[in-house]
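Letter by letter, the chains look like this.
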Amino acid sequence: MMGLAGRTVSRCPGPPWRSSQLLCTMTQKKNTGPNLEEEANQNNNEQKPDSDSATKVVIEEKTKLEEQLNELTDKYKRALADAENLRQRTQKLVEETKLYGIQSFCKDLLEVADVLEKATESVPKEELKDENPHLKNLYEGLAMTEAQIQKVFRKHGLIKLNPLGAKFDPYEHEALFHVPAEGKEPGTVALVTKVGYKLHGRTLRPALVGVVKEP
């Protein structure tokens with residue numbers, strides 16, 4: 001810059017107090033740097049316990065939900081097992097009803113079969129001759145009727161029990177008396193006073209028998 005006297009005058013960079021201010025600002029920034037890092041580290045350290053606590057809560061919730069799931073699964077399996085058992089029992093009852101629903105009816109028919117058997121047994125065999133055609137025809141008719149009713153019985157699972165000579169079975173026989181019988185094993189059936197019947201393997205009426213007693 002040219003002065004009034006023609007001399008060059010240099011520009012002053014500024015007042016001395018501005019330089020001092022810049023120096024203080026730089027010094028403050030330099031001093032502030034580590035403090036910011038310490039604050040950041042402190043914040044991270046404060047957040048770390050919070051993160052651990054949140055993780056613990058999540059794990060506890062997960063364990064609780066797994067326990068509830070296992071409990072519900074167990075209850076579901078038990079319910080399925082109970083339903084299956086109920087289905088099987090119901091099916092068994094239905095099948096037994098089909099098989100044994102005619103039980104009372106069969107018991108009534110057994111009396112008819114007993115009468116027919118007694119009638120055929122009461123006819124003297126020596127009287128069944130051509131000279132006596134009426135008795136012979138009557139006997140043959142009774143015998144055919146008895147055979148037919150036994151055929152119907154077998155068709156519906158009703159089996160006749162005539163245990164003469166068999167080992168006494170308390171589930172199928174009813175002992176009325178004991179008799180001495182030489183040459184026969186004790187405990188066997190020596191006499192049948194009334195035949196028994198079984199319906200689909202179940203004793204409907206036990207046979208009334210006399211059992212050989214011990215000598």
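Description of the structure in this document. Each chain has its residues counted from 1, running along the sequence as written. Only residues with pLDDT of at least 70 get local features here, since the model is predicted, and only at 80 or more are side-chain atom pairs given and counted; chain-wide, interface and lining totals rely on the full set of residues. Heavy atoms from the whole structure form the basis of all side-chain values; hydrogens and water molecules are not counted.

**Examining the pattern of salt bridges**
We define a salt bridge as a contact between a side-chain nitrogen of Lys or Arg and a carboxyl oxygen of Asp or Glu at a distance within 4 Å. Applying the stated criterion across every chain, the model contains 10 salt bridges. A salt bridge links Asp 114 to Arg 205; the nearest nitrogen and oxygen atoms lie 2.7 Å apart. With Asp 114 in helix α2 (residues 103–122) and Arg 205 in strand β5 (residues 202–205), this residue pair connects regions lying 91 residues apart in the sequence. Using a relative accessible area of 14% as the deciding quantity, one classes Arg 205 as buried. As a salt-bridge pair, Glu 117 and Lys 160 come within 3.6 Å of each other at their nearest N and O atoms. On the criterion of sequence distance, the pair formed by Glu 117 in helix α2 and Lys 160 in strand β1 (residues 158–161) is long-range, its members being 43 residues apart. Accessible area is worked out with a 1.4 Å probe on protein chains only. A residue is then buried under 20% of its type maximum, exposed over 50%, and partly exposed in between. Judged by its relative accessible area of 14%, Glu 117 is buried. Through salt bridges with shared partners, a single ionic network connects Asp 114, Lys 194 and Arg 205. Labels follow the DSSP assignment, with helices taken as runs of H or I lasting at least four residues and strands as runs of E lasting at least two, numbered in each case from the N terminus.

**Concerning the environment of Tyr 139**
Along the chain, the position of Tyr 139 falls in helix α3 (residues 133–155). Each C-alpha atom, one on Tyr 139 and one on Glu 121, is 9.5 Å from the other, the two residues being 18 residues apart in sequence. What Tyr 139 contacts, discounting residues up to four positions off in sequence, is Thr 120, Val 123, Lys 125 and Leu 128. Between two residues, a contact is recorded if the distance between any of their heavy atoms is within 4.5 Å.

**Considering unusual backbone geometry**
One non-glycine residue, His 200, adopts positive backbone phi at about 50°. Relative to the helices and strands, His 200 resides in the loop between β4 (196–199) and β5.

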